[in-house]
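Geometric and topological summary
Take a look at the letters that make up each chain.
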Amino acid sequence: MKTIGLIGGMSYESTLSYYEVINKITNHQLGKLHSAKIVLTSVDFEEIKECQNQNDWQKASEILTHHALLLEKCGVDFILICTNTMHWCYEDIQSRIQTPILHITKAMLLELQEQNVSKVLLLGTKYTMKERFYKEMLIQSGIEVFTPKEDDMVKINDIIFDELCKGVIKENSKKYFHDLIEQFPQAQGVILGCTELGLIIKESSKSLFDSAYIHAKIATLKALENE
């Protein structure tokens, strides 16, 4: 069994799901009392959020690289950045360490291809929905990606940071997401491209692709290869 390194805390709510999913799949695969080999380092999310607000992605990258190097010293086999948005810094972080980082979009792409889904609605933070660091890999692989209009991006971002990252689930926010998804009949599925969105979007008329769950699942299967 390989050892998985997790950079968590973005937010701690979604990091909990990573730990749970990885261990549940490991135990299901191996039985008995088997659990996953995990080394977890967790950031202060407020520091990362301030970097985002100030558009200081270099400082954010330095913070995450520090944590990646801690995991590398612990001898992990590969690393997961347990958030979608901070994959903005993926290439910079990967260039500074030897240990491979399993990209969250690559995990999502594998899942979409396995399910034969080629048209998706992408929901996430405003950075994930607007910028190309997440979408580019999907688009280049033939996936058509739809995103909400600007005011919806702002509202989704507010719900993520003001509610979900604090563990708050509101019924009116649930309804908002339900109604929003219905505005995209052309989409075959919905990417929950923020690791907190799986906390609130649990049912839909479309297939849901929870990035946190898929990232954790692909990582676990990788860790259990040849077991």
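Keep in mind that what you see is a predicted model, and the values were worked out from it rather than measured.

**Some remarks on the sheet that holds strand β4 (residues 119–123)**
Read from one edge of the open sheet, 4 strands run β5-β4-β6-β7, paired in parallel fashion. What marks the edges here is a single partner per strand, and that holds for β5 (144–146) and β7 (207–210). Ignoring which end each strand starts from, the neighbouring axes of this sheet average 30° apart. Pairing of β4 with β5 involves 3 bridges; the strand directions are parallel. In the strand pairing of β5, Lys 119 is matched with Glu 144. Relative to β7, helix α5 (residues 104–114) is tilted by about 155°, and along the sheet it contacts β4, β6 (189–192) and β7. Against the sheet, helix α7 (residues 132–140) makes contact with β4, β5 and β6, and its axis sits at roughly 145° relative to β5, the strand it touches most.

**Re empty space enclosed by the protein**
Regions of empty space are outlined by a rolling probe, equal in size to a water molecule, passed over the atoms. Taken as a whole, this structure holds 1 cavity of 30 Å³ or more when the rule is applied. Roughly 70 Å³ of internal volume is contained in the largest cavity. Lining the largest cavity are 13 residues, with Met 10, Phe 45, Thr 83, Thr 85 and Thr 125 positioned closest to its centre. Elements with a contribution of two residues or more to the lining of the largest cavity: α2 (45–53) and α8 (150–162).

**Here we look at the pattern of salt bridges**
Applying the stated rule across the entire model yields 9 salt bridges. For Glu 136, the salt bridge identified is with Arg 132, shortest N-O distance 2.6 Å. With Glu 136 and Arg 132 both in helix α7, this residue pair falls 4 residues apart, about one helical turn. Classification of Arg 132 as partly exposed rests on a relative accessible area of 47%.

**Some details on the nonpolar core**
Grouped together as the largest cluster of nonpolar side chains are 45 residues, with contacts concentrated most on Ile 7, Met 10, Leu 64, Met 86, Leu 123, Phe 177 and Leu 197. Per element, the largest residue contribution to this core is 6 residues, and it comes from helix α3 (residues 57–73).

**Let's talk about the environment of Ala 60**
Following the sequence through the fold, Ala 60 ends up in helix α3. The class of Ala 60 is buried, set by a relative accessible area of 0%. Along the backbone, Ala 60 and His 87 are 27 residues apart, and their C-alpha atoms lie at a distance of 11 Å. Excluding anything up to four places from it in sequence, Ala 60 contacts Ile 48, Cys 51, Met 86 and Cys 89.

**Overview of the pairing of strand β3 (residues 78–81)**
Successive residues of a regular strand alternate their side chains across the two faces of the sheet. Side-chain alternation along β3 places Phe 78 and Leu 80 on one buried face and Ile 79 and Ile 81 on a second face that is also buried. As defined by bridge partners, strand β1 (residues 3–8) adjoins β3 across 4 bridges and the pair is classed as parallel. Residue Ile 7 lies in a different strand from β3, and its bridge partner there is Ile 81.

**Here's the deal with α7**
For α7, the complete set of buried residues consists of Tyr 134, Lys 135 and Leu 138. Buried residues along α7 cover an arc of 80° about the axis, so they all sit on one side. Tucked into the core, α7 has its buried residues touching α5, β4, α6 (126–130), β5, β6 and α10 (211–223). With its phi angle positive at about 90°, Gly 142 sits one or two positions after the end of α7.

**Let's talk about the sheet that holds strand β2 (residues 37–42)**
Across the sheet, 3 strands lie side by side as β2-β1-β3; this open sheet has parallel pairing. Every other strand in the sheet has two partners, leaving β2 and β3 as the edge strands with one partner each. Neighbouring strand axes in the sheet, compared pairwise and without regard to direction, differ in orientation by 20° on average. Sitting on the sheet, α3 touches β1, β2 and β3, and the angle it makes with β1 is about 155°.

**Some thoughts on the packing of aromatic side chains**
Going through the model one piece at a time under the given rule, you end up with 5 aromatic pairs. For the pair Trp 88 and Phe 133, a centre-to-centre distance of 5.4 Å together with 40° between the ring planes defines the contact as tilted. Of the two residues, Trp 88 sits in the loop between β3 and α4 (90–96) while Phe 133 sits in helix α7, which places them 45 residues apart along the sequence. Among the aromatic residues, those joined into a cluster by ring pairs are Trp 57, Trp 88, Tyr 127 and Phe 133. We note Lys 49 situated over the ring of Phe 161; from NZ or CZ to the ring centre the distance is 4.6 Å. Above the face of the Tyr 176 ring, Lys 155 is positioned so that its terminal group lies 5.0 Å from the ring centre.

How each quantity is defined
- Residues numbered from 1 in each chain as written.
- Predicted model: local features only at pLDDT ≥ 70, side-chain atom pairs only at ≥ 80, totals over all residues.
- Heavy atoms only, no water.
- Pairing = 2+ DSSP bridges.
- Helix = DSSP H or I, 4+ residues; strand = E, 2+ residues; numbered from the N terminus.
- Axes fitted to C-alpha atoms, helices over the stretch in contact; angles between N-to-C directions.
- Contact = heavy atoms within 4.5 Å.
- 1 Å grid on protein atoms, 1.4 Å probe; cavity = no way out; pocket = protein on both sides within 12 Å on 5 of 7 lines; lining within 4 Å.
- Points joined across faces, edges and corners; volume = space filled by probe spheres on them.
- Salt bridge = Lys/Arg side-chain N within 4 Å of Asp/Glu carboxyl O.
- Buried < 20%, exposed > 50% of the residue type's maximum accessible area, 1.4 Å probe, protein only.
- Core = buried A, V, L, I, M, F, W, Y, C linked by side-chain atoms within 4.5 Å.
- Arc of directions from axis to C-beta.
- Phe/Tyr/Trp six-rings, centres within 6.5 Å; stacked < 30°, edge-to-face > 60°.
- Lys NZ or Arg CZ within 6 Å of the ring centre and 35° of its normal.

Distances and angles like these do not, on their own, reveal function.
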